[in-house]
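Breakdown of the fold
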Amino acid sequence: MAKPKIATDWMGDCAGCHMSLLDMDERLLTVLGKVELTSSPITDLKHPPEEGVAVGVLSGSINNTSNVYVARMMRKRSGCLIAMGDCAVLGGVLSMRNAFDIKEGLRRAYIDTESTVDGFIPQSDELAKPIRNRPLDQVVKVDYHLPGCPPSADAIFHVLNELAEGREPVVEGEALKYD
Amino acid sequence: MTVLNVTINGKTMEVAEGTTILQAANAAGIEIPTLCHHPALKDIGACRMCLVQIENMAALQPACSYPVIDGIKVETHTPRTLEMRKFVLEMLFSERNHYCMFCEMSGDCELQKQAYAHGLAHWTYPTPNPKLQVDASRTYFIMDHNRCILCRRCIRACGDVVGNHTLGMMSRGAKTMVTADMDEPFGDSTCVSCGTCLQVCPTGALVDRRSAYGGRNKDVDTVNSACTFCSIGCRVNVITRNGRPLRVEGDWDGHNQGVLCLAGRFQPLETGRRRVTTPMVKRDGALEPATWDEALAAVAKGVQAAVPGKIHAWVTAATLDQPMDAVVETFRGKFGGDVKTLEAAPPPGETPNGGAMKDIDTADLVLVVDADPLTEHRVLGYRIKRAADNGARILVCADGDNSMADFAHEAFPLSKLDWALASVTTAERPVVVYRAAMDPRLRAKLAVIKAVCIPLHAAANAARAISLGLNNEADGDAEALYILLEEQALTPEQREQAHKAPFVVMHACYVDDVDGLADVVLPAPLWYEREGTFHNIEGKSERVRPAAPPPEDIWSETSVLQQLSLRV
Ligand code: SF4
Ligand code: SF4
Ligand code: SF4
Ligand code: SF4
Ligand code: FES
């Protein structure tokens with residue numbers, strides 16, 4: 001029997017969740033012995049295959065139109081979808097931005113920053129448009145939530161291993177952390 | 001005492017009337033989750049975390065504020081109670097900003113702990129996240145309304161425990177806010193910065209500026225000790241990390257009942273002053289670092305050059321028993337010199353005493369004579385205000401401005417003490433709080449009335465100084481003067497007098513206190529590095545424990561005095 005397929009991707013985040021995933025160290029081999037990793041931001045292939053995967057993992061929050069696109073594509077192509085990390089589960093650090101107007105934020109980042117000279121706000125039709133920050137489950141249906149900033153390698157291993165073994169992953173005890 | 005039967009989770013027990021379901025459950029080792037409950041505060045059932053199922057009752061009831069009724073049958077952990085608690089948590093998380101990843105309290109927060117215990121892997125309800133104010137107008141701690149769960153522990157602490165009534169609630173529903181006075185910034189309000197609200201807050205809403213991000217409970221050490229910054233001697237817990245003090249908390253089991261004042265909780269950690277870290281000896285008119293050997297030799301030489309009658313020692317009455325005894329043994333016993341205290345000592349005569357802090361709680365009248373407890377013995381002042389809330393009459397008999405006078409039912413000048421005492425005789429359980437060093441003729445009047453008396457001393461360990469026969473009639477004819485100053489300060493007059501002595505040794509903590517005055521400086525350990533005993537306001541011997549070791553080159557005061565004694 002072919003191994004179940006798994007794909008990961010990231011949206012608005014710091015890449016810490018994927019670092020934590022790599023922190024599984026030799027247990028990566030255990031997981032890769034049980035599943036096939038088709039694509040991820042840290043492999044050559046970036047996008048989940050059209051024919052779909054059993055498990056999709058998304059880190060990061062929804063912050064712009066590109067994130068919405070990534071989220072919808074992953075949802076469409078995954079049997080079950082995991083929100084990995086506080087950004088995907090709760091909105092994360094980027095949600096602090098919601099306390100301000102988006103225009104105000106862009107100005108601060110591209111023009112008012114102390115080190116910026118002759119700043120301007122990049123504008124192009126090819127660029128994603130910033131939108132209000134929100135967690136993944138406000139855009140697509142999420143099957144399992146794995147909070148943590150980032151979730152520990154132990155917690156990520158637990159969830160992936162449970163799914164690979166065909167069990168429901170329950171995040172509790174030491175694996176459940178919001179920071 | 002009426003005994004009631006209660007069955008919790010099938011376990012039947014007997015409890016006294018008035019016991020709440022929560023108390024009964026805790027006594028039986030059954031844990032019910034709580035948030036707004038705090039053992040030192042009155043329960044009000046604000047958060048609904050503790051909901052339990054009572055047989056034959058449709059609605060769930062809060063265990064913390066539901067008194068046991070005879071024969072009552074309670075279930076604490078049913079699918080329904082668990083679901084309700086989860087719902088309560090979901091609501092709390094959706095109400096304000098609880099993104100723990102950037103919260104100071106994360107790891108020690110009671111709300112977070114409950115969310116973990118109830119397996120909240122995400123929040124079901126949207127988080128509208130109103131952008132609320134962060135009020136940083138107070139010097140020592142910050143209120144972040146975004147983390148507040150409106151449990152009202154702070155309000156109850158401020159009102160019921162401290163008797164200060166600064167805090168209250170404003171508006172309703174999702175708009176409810178904790179406010180100070182009539183919605184003033186906290187820093188401009190009637191808040192006295194006692195920090196009791198900070199100590200009871202279960203979340204990251206109240207944040208200590210100094211200890212913020214300094215370490216979680218699992219990373220820190222806690223040492224039970226006592227505050228020696230006034231003669232009340234409040235019991236404290238000193239929290240340190242790697243030998244660095246982070247904060248001071250009130251000990252709920254002390255006579256201060258967990259309450260401290262800003263002089264005990266915050267100020268001692270915020271001095272920003274340069275510390276004396278090595279012995280110093282004056283060479284060519286300037287103080288220079290020296291070894292202990294050189295410094296002690298210089299002190300011995302200076303002392304030996306003086307006529308014994310002109311060897312004087314001034315000691316702060318805030319010091320512990322052991323150093324105070326050692327100064328007296330060395331300077332009076334061995335050198336034949338004269339020892340005085342830096343702070344005002346009571347004149348000879350009877351100093352009526354014996355009162356305890358808890359006597360104030362049951363008093364029907366409290367008379368304050370020639371003292372200003374809200375300024376100088378604050379925790380006692382708060383206790384008196386609390387007594388007033390509970391119906392006690394407060395009389396103040398003092399001259400000049402007195403911060404207690406605003407809260408008194410009647411105020412008299414000191415010349416009208418007889419009038420005030422006339423009211424005392426009509427009371428059933430009167431307590432008289434007075435300045436120990438007051439005019440002995442007036443003090444004698446207190447000795448003959450029927451009342452519990454609490455003398456207030458000018459320094460923490462004045463009682464020891466009195467028993468050693470020390471007074472503070474310091475004079476200026478010393479040829480060699482030793483001053484045990486620690487972190488206290490000389491008055492301008494004392495400084496001037498000290499200047500007249502040709503040879504001055506200062507045993508002190510801070511450089512700016514000794515500069516320009518001392519010929520030899522001996523470094524003293526700071527308050528949280530000292531070990532010993534003293535007597536608190538109730539006359540009880542209290543232990544002071546070191547929360548951190550002193551820096552390498554700072555010896556205990558008693559061993560310095562011993563060494564000195566051996567050299568002369
Ligand atoms: S107050 Fe508690 S629950 Fe809220 S963000 Fe801080 S740690 Fe998390
Ligand atoms: S500030 Fe803290 S103690 Fe006060 S109501 Fe809010 S959460 Fe409760
Ligand atoms: S610091 Fe003390 S006086 Fe101020 S609000 Fe808190 S409890 Fe009340
Ligand atoms: S009242 Fe006195 S002993 Fe208590 S904390 Fe304040 S200074 Fe320290
Ligand atoms: S702990 Fe009982 S209602 Fe809050």
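Cut-off values and rules
- Residues numbered from 1 in each chain as written.
- Chains lettered and ligands numbered in written order.
- Predicted model: local features only at pLDDT ≥ 70, side-chain atom pairs only at ≥ 80, totals over all residues.
- Heavy atoms only, no water.
- Axes fitted to C-alpha atoms, helices over the stretch in contact; angles between N-to-C directions.
- Helix = DSSP H or I, 4+ residues; strand = E, 2+ residues; numbered from the N terminus.
- Parallel < 35°, antiparallel > 145°, perpendicular 65-115°, else oblique.
- Left-handed = near helix turned anticlockwise from the far one by under 90°.
- Contact = heavy atoms within 4.5 Å.
- Nonpolar A, V, L, I, M, F, W, Y, C, P; charged D, E, K, R; others polar.
- Core = buried A, V, L, I, M, F, W, Y, C linked by side-chain atoms within 4.5 Å.
- Buried < 20%, exposed > 50% of the residue type's maximum accessible area, 1.4 Å probe, protein only.
- Pairing = 2+ DSSP bridges.
- Near = heavy atom within 4 Å.
- Buried area = accessible area lost by both parts, 1.4 Å probe.
- Salt bridge = Lys/Arg side-chain N within 4 Å of Asp/Glu carboxyl O.
- Arc of directions from axis to C-beta.
- Disulfide = S-S within 2.5 Å.
- pLDDT = per-residue confidence, 0-100.
- Expected span 1.5 Å × (residues − 1).
- Phe/Tyr/Trp six-rings, centres within 6.5 Å; stacked < 30°, edge-to-face > 60°.
- Lys NZ or Arg CZ within 6 Å of the ring centre and 35° of its normal.
- Patch = residues over 30% accessible without salt bridge, like charges linked within 9 Å, V, L, I, M, F, W, Y side chains within 5 Å.
- Areas by Shrake-Rupley, 256 points an atom, 1.4 Å probe, with all protein chains shown as cover.

**Notes on the packing of helix α2 (residues 27–34) of chain A against helix α6 (residues 153–164) of chain A**
Residues and elements named next belong to chain A. Contact geometry of α2 with α6 gives a least axis separation of 10 Å together with a crossing angle of 20 degrees. When the axis of α2 is compared with that of α6, the two are roughly parallel. The way α2 lies across α6 gives a crossing that is left-handed. Residue-level inspection shows Arg-27, Thr-30, Val-31 and Lys-34 of α2 in contact with α6, the latter providing Ala-153, Asp-154, Phe-157, Leu-160, Asn-161 and Ala-164. Looking at the contact of α2 with α6, its residues break down into five nonpolar, two polar and three charged.

**A word on the nonpolar core**
Within the largest apolar cluster, 64 residues are counted, with the highest numbers of intra-cluster contacts made by Met24(A), Leu58(A), Ile82(A), Leu136(A), Leu160(A), Tyr178(A) and Leu111(B). A total of seven residues in this core trace back to one element, the largest contributor, which is α6(A). Once residues within four sequence positions are removed from consideration, Tyr178(A) is found in contact with Asp86(A), Pro147(A), Gly148(A), Cys149(A), Phe93(B), Cys100(B), Met101(B), Gln112(B), Ala115(B), Tyr116(B) and Leu120(B). Val379(B), Tyr510(B), Leu526(B) and Tyr528(B) belong to the second largest nonpolar core, which has 49 residues in total.

**Looking at the environment of Lys5(A)**
Residues and elements named next belong to chain A. Relative to the elements of secondary structure, Lys-5 occurs in strand β1 (residues 5–10). In this structure Lys-5 comes out as partly exposed when scored by relative accessible area, which is 28%. Remark: the alpha-carbon pair of Lys-5 and Ser-78, spanning 73 residues in sequence, is separated by 9.2 Å. Not counting residues up to four positions away in its chain, the partners in contact with Lys-5 are Glu-36, Thr-38, Glu-51, Gly-52, Val-53, Ala-54 and Val-55.

**Observations concerning the sheet that holds strand β2 (residues 36–39) of chain A**
All names here are of chain A. If you trace the five strands from one edge of the open sheet to the other, you get β2-β1-β3-β5-β7, paired in parallel fashion. Either end of the sheet is taken by a strand with one partner, and the two such strands are β2 and β7 (144–146). Within the sheet, the average angular offset between the axes of one strand and its neighbour, ignoring direction, is 25 degrees. Here β1 pairs with strand β3 (residues 53–59) via five bridges, running parallel. For Ala-7, the partnering residue across the bridge sits in β3 and is Gly-56.

**Some words on the site of ligand 4**
Around ligand 4 lies a shell formed by Cys227(B), Phe229(B), Cys230(B), Ile232(B), Gly233(B), Cys234(B), Leu260(B), Cys261(B), Gly264(B) and Val379(B). Here the shell around ligand 4 is built from residues that sort into eight nonpolar, two polar and no charged.

**Description of the interface of chain A and chain B**
How big an interface is tends to be reported as the loss of accessible area on association of its parts. Each side of the interface is counted separately: chain A has 20 residues, and chain B has 18 residues. Summed over both partners, the interface of chain A with chain B comes to about 1600 Å²; 65% of that surface belongs to carbon and sulfur atoms. In terms of surface lost to chain B, no three residues of chain A exceed Leu90(A), Leu176(A) and Tyr178(A), which account for 42% of the buried area on that side. Put simply, chain A and chain B have zero salt bridges between them. The element that contributes the greatest number of residues to the side of chain A that touches chain B is helix α4 (residues 85–90) of chain A, accounting for three residues. Broken down by class, the residue content of the side of chain A that touches chain B amounts to ten nonpolar, five polar and five charged.

**A look at helix α12 (residues 417–426) of chain B**
All names here are of chain B. For α12, every residue scored as buried is listed here: Leu-417, Ala-420, Leu-421, Ser-423 and Val-424. For α12, the angular spread of buried residues about the axis comes to 150 degrees, placing them on one side. In this structure, α12 carries Trp-419, Thr-425 and Thr-426 as exposed residues pointing more than 90 degrees from its buried face. Residues of α12 that are buried sit in contact with β18 (365–369), β19 (393–397), β20 (410–412), β21 (430–435) and α13 (440–448).

**Some words on the state of the cysteines**
Applying the stated rule across the entire model yields zero disulfides over all chains. Cys149(A) forms no disulfide, and the closest cysteine sulfur to it belongs to Cys87(A), at a distance of 6.0 Å.

**Brief notes about the environment of Met57(B)**
The residue Met57(B) is located in the loop between β3 (51–54) and β4 (61–62) in this model. Along the backbone, Met57(B) and Trp555(B) are 498 residues apart, and their C-alpha atoms lie at a distance of 66 Å.

**Here we look at the pairing of strand β26 (residues 532–535) of chain B**
Residues and elements named next belong to chain B. With four bridges joining them, β26 and strand β27 (residues 541–544) adopt antiparallel strand pairing. Residue pairing for β27: Gly-532 is matched across the bridge by Val-544. Remark: five residues form the turn of the hairpin made by β26 and β27, two consecutive strands paired antiparallel; Gly-539 in that turn has positive phi of roughly 80 degrees.

**Overview of the sheet that holds strand β6 (residues 134–135) of chain B**
All names here are of chain B. What the three strands build is an open sheet, ordered β6-β7-β10; its pairing is antiparallel. Whereas interior strands pair on both sides, the edge strands pair on one side only; in this sheet they are β6 and β10 (206–208). Examined bridge by bridge, strand β7 (residues 141–144) and β10 share three bridges and lie antiparallel to one another. Pairing of Phe-141 across the sheet is with Asp-208, part of β10.

**A word on the confidence of the model for chain B**
With 100% of its residues at a pLDDT of 70 or more, chain B shows a mean pLDDT of 95. Among the scores for the predicted complex, ipTM is 0.92 and pTM is 0.94.

**Looking at the packing of helix α8 (residues 321–334) of chain B against helix α17 (residues 557–567) of chain B**
All names here are of chain B. For the pair α8 and α17, interaxial distance at closest approach is 8 Å and the crossing angle is 15 degrees. Here α17 runs roughly parallel to α8, going by the angle between their axes. Seen along the crossing, α8 lies across α17 with a hand that is left-handed. Across from Gln-322, Pro-323, Ala-326, Val-327, Thr-330, Phe-331 and Lys-334 in α8, the residues of α17 making contact are Glu-557, Thr-558, Leu-561, Leu-564 and Ser-565. Of the residues that constitute the contact of α8 with α17, the class distribution is six nonpolar, four polar and two charged.

**Examining the pattern of salt bridges**
For the structure shown, the criterion picks out 34 salt bridges over all chains. Among the ionic pairs, Asp439(B) bridges to Arg441(B), the shortest N-O distance being 2.8 Å. Classification of Asp439(B) as partly exposed rests on a relative accessible area of 26%. One salt-bridge network, in which partners are shared between bridges, spans Arg75(A), Lys141(A) and Asp143(A).

**A short note on helix α2 (residues 79–95) of chain B**
Residues and elements named next belong to chain B. Along its 17 residues, α2 runs 24 Å from first to last C-alpha, staying within 8% of the 24 Å computed at 1.5 Å per residue. All of the buried residues along α2 are Thr-81, Arg-85, Val-88, Leu-89, Glu-90, Leu-92, Phe-93 and Ser-94. Where α2 is buried, its residues meet β3, β5 (72–75) and α3 (110–117).

**A word on the packing of aromatic side chains**
If you walk through the whole model with that rule in mind, you get 13 aromatic pairs over all chains. Ring geometry for Trp292(B) versus Trp555(B): centroids 4.3 Å apart, planes at 20 degrees, classification stacked. Here Trp555(B) lies in the loop between β27 and α17 and Trp292(B) lies in helix α7 (residues 292–305), a separation of 263 residues in the sequence. The ring of Phe157(A) carries the charged tip of Arg27(A) above its face, separated from the ring centre by 5.1 Å. In this structure, Lys416(B) packs its charged tip against the face of Trp419(B), placed 5.3 Å from the ring centre.

**Considering a nonpolar patch on the surface**
Together, Met84(B), Phe87(B), Met91(B) and Tyr125(B) make up an exposed nonpolar region whose accessible area comes to about 340 Å². Its place among the elements puts Met84(B) in helix α2.

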